[in-house]
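# An overview of the molecular structure
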Amino acid sequence: MTQATANEKKITVDYLARVEGEGALNIVIRDGELREVEFNIFEPPRFFEAFMRGRSYTEAPDITARICGICPVAYQMSSVHAMEDVLGATVGGQLRELRRLLYCGEWIESHILHVYMLHAPDFLGYQDAIQIAADHPDAVNMALALKRIGNEIVSTLGGREIHPINVKVGGFYRAPSKKEFRPLREELNWALEAAQKAVVWTATLPFPDFERDYEFVSLRHPDEYPFNEGRLVSSKGLDIPINEYEEHFTEEHVGRTNALQSHLNGRPYFVGPLARYNNNFDKLSPIAQDAAQAAGLGATCTNPFKSIIVRAVESLEAVHEAIRIIDQYEEPDMPAVEMEVKAGRGYGCTEAPRGTLYHSYELDDNGLIVDAKIVPPTSQNQRIIEDDLREFIKPRIDLPVDELTLQCEQAVRNYDPCISCATHFLKLNIDRG
Amino acid sequence: MEILESTGDGAELIEHFSRARAVILIDAAHRAAEVVGSVYRVADENVSSDSPRPGSIHRIDAVAGPVPISLLSGTSHAFGVAEAVEVARALGKLPERLIIYGIEAKSFEIGGEMSEEVGAAVEEVATLIGRDWTTALTSVAS
């Protein structure tokens, strides 16, 4: 379409609904051409980094857990691993298994909430979760019950459903007895079936035809689908120990809004379930691999909209892993490993529901925090989300404003962005004259 | 009676609603452009309707009608209080009585302290809750 004069259209949405926190998206379409796409929803958790200076290393798990309302376990796990790295401690055996179990709970609750209540409405043309509940009550009830089991894993082991209070550097304050897991173990049988149904259900959703050549970044471990340990790898050849993160990954301010974007040796990259899946399909349990393949996924997948299926697959994997861990569980002699305080620098990188979460700390001789650096998954994905939108909008540039807005929101939600630590209120603007 | 502190996770709230006969929910609220429910106090009667009114108290009977998303969706959880109430309604999981108090906040800044206006509103809401509780006990006793 051509116009004699410069013609800008503006689409404004005051907040980006159905992502954690609030969001901002600026799109300028002028004279029928896409001129600008600026996605900036994320402020790094600088308040928390500063707040932790001078505090004891023991406080890091509890302080950082408050950065994210829906993935506190991830923050606790990255922080305890980083502190143990500084202090030269290894947490293995049943304590290691319990940490994986805790993460299983968080993945299930986070993924299932996102799949059914935040993302699926987009695919089905609904405004919100309310409409999906009205039209698909059975599916929503199943999802809420499955999510609740994820919460229960976290509360049984973590001592509280949302911000676990049982996690400490070295392990736990108290290890549960085998008996405490019995009610949960019963429910996990149902959860396994429910998670399988979730994979089947997500596969029936209508998917836009959209594929890109991504660089997927995640942990990779020789023996397991990754949660807490492994090397950092990419689908384009990166393979480094996590303590080399800052040599390859940098954050830069870009654009008018001074957004912070993460790059891998200058390139954009992608973290999260789809990245983990692409890098670690061979480490999924047979039940999860079979479900993924029956859902039409190959060992690799480059359509970000299909991340909704992958979240269901990871939920299934998490239920399966939770069952394995509980079935082999024997109460450890000690709930935690002893720590010897010393100065140094350490690194932790674990797989939050939304992707790799990096923590680095420097401690002094008394175990007090001198410096802290936290890079959440959503801040790492800001650049790739913006790039996706640029490609996504081009063939859809003539769509009516409302329709384009909804589809852009759906595209952003592919990344399940978690922006609860956004420190300012931002707007969605599509500037189309 | 149970007193629970919730992070506002919508799914958790639906679970609580489905297990209770009467629920009183108190939450921080965004400035509402329009009056919602019964407004017990507007902090400063002389300010214009566009100005923030920290400490204003909104009391909503959530069983009687839909909860306005604009008032209570300012949590850090996308699936928050208002959505949880409406999803619970769609699933037939609302309790017999659900009263929501929204106290308009002065600031949502991380690391900030509770303002005087909100502090005063909290005292007032406590009194209102006492009255609600008595009513709830009477009406669900049958």
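Everything below is about the structure shown above.
This text gives an overview of the structure that appears in the document. (Residues numbered from 1 in each chain as written. Chains lettered and ligands numbered in written order. Predicted model: local features only at pLDDT ≥ 70, side-chain atom pairs only at ≥ 80, totals over all residues. Heavy atoms only, no water.)

### A short note on helix α9 (residues 273-280) of chain A
- Of all 8 residues in α9 of chain A, 8 are buried; the element is thus mostly enclosed.
- Within α9 of chain A, the full set of buried residues consists of P273, L274, A275, R276, Y277, N278, N279 and N280 of chain A. (Buried < 20%, exposed > 50% of the residue type's maximum accessible area, 1.4 Å probe, protein only. Helix = DSSP H or I, 4+ residues; strand = E, 2+ residues; numbered from the N terminus.)

### Quick word on the sheet that holds strand β7 (residues 217-220) of chain A
Residue and element names in this part refer to chain A.
- Read across the open sheet, the 3 strands follow the order β7-β8-β9; overall the sheet is antiparallel. If you trace the sheet from one side to the other, it starts and ends with β7 and β9 (239-240), each paired once.
- The sheet strands contacting α9 are β7 and β8 (231-234), and the helix crosses β7 at an angle near 50 degrees. (Pairing = 2+ DSSP bridges. Contact = heavy atoms within 4.5 Å. Axes fitted to C-alpha atoms, helices over the stretch in contact; angles between N-to-C directions.)

### Considering the nonpolar core
- Y116, M117, L188 and L389 of chain A together with V87 of chain B are the most contacted members of the largest nonpolar core, which totals 141 residues.
- Counting residues in each nonpolar core, the second largest holds 15 residues, with L238, V271, Y358 and V375 of chain A among its members. (Core = buried A, V, L, I, M, F, W, Y, C linked by side-chain atoms within 4.5 Å.)

### Remarks on the packing of aromatic side chains
Residue and element names in this part refer to chain A.
- By the definition in use, this model includes 20 aromatic pairs over all chains.
- When the centroid spacing of 5.5 Å and the interplanar angle of 85 degrees are considered together, the rings of F47 and F48 count as edge-to-face.
- With relative accessibility at 8%, the residue F48 sits in the buried group.
- Here the aromatic rings of Y214 and F270 are separated by 4.8 Å at their centres, their planes lie at 75 degrees, and the arrangement is edge-to-face. Taken together, the residues span a long stretch of sequence, with Y214 in the loop between α7 (182-203) and β7 and F270 in the loop between β11 (259-264) and α9 at a distance of 56 residues.
- Taking the relative accessible area as the measure of exposure, Y214 reaches 3% and is therefore buried.
- A residue is classified by how much of its surface remains accessible, and F270, at 3% relative accessible area, is buried.
- An aromatic cluster is defined as three or more aromatic residues linked by ring pairs; in this entry it consists of Y245, F249, Y269, Y347 and Y358.
- Positioned over the ring face of F51 is R55, at 4.5 Å from the centre of the ring. (Phe/Tyr/Trp six-rings, centres within 6.5 Å; stacked < 30°, edge-to-face > 60°. Lys NZ or Arg CZ within 6 Å of the ring centre and 35° of its normal.)

### Side note on the pattern of salt bridges
All names here are of chain A.
- By the definition in use, this model includes 42 salt bridges over all chains.
- Across the pair R35 and E33 runs a salt bridge, and its minimum N-O distance is 3.9 Å.
- Residue classification places R35 among the partly exposed positions, given a relative accessible area of 42%.
- The partner of R174 in a salt bridge is E180, and the shortest N-O contact between them spans 2.7 Å.
- Judged by relative accessible area, which is 46%, R174 ranks as partly exposed.
- What emerges from the salt-bridge pattern is a single network uniting R96, E97, R100, E224, E229, E321 and R324. (Salt bridge = Lys/Arg side-chain N within 4 Å of Asp/Glu carboxyl O.)

That is the geometry; function is a separate question.
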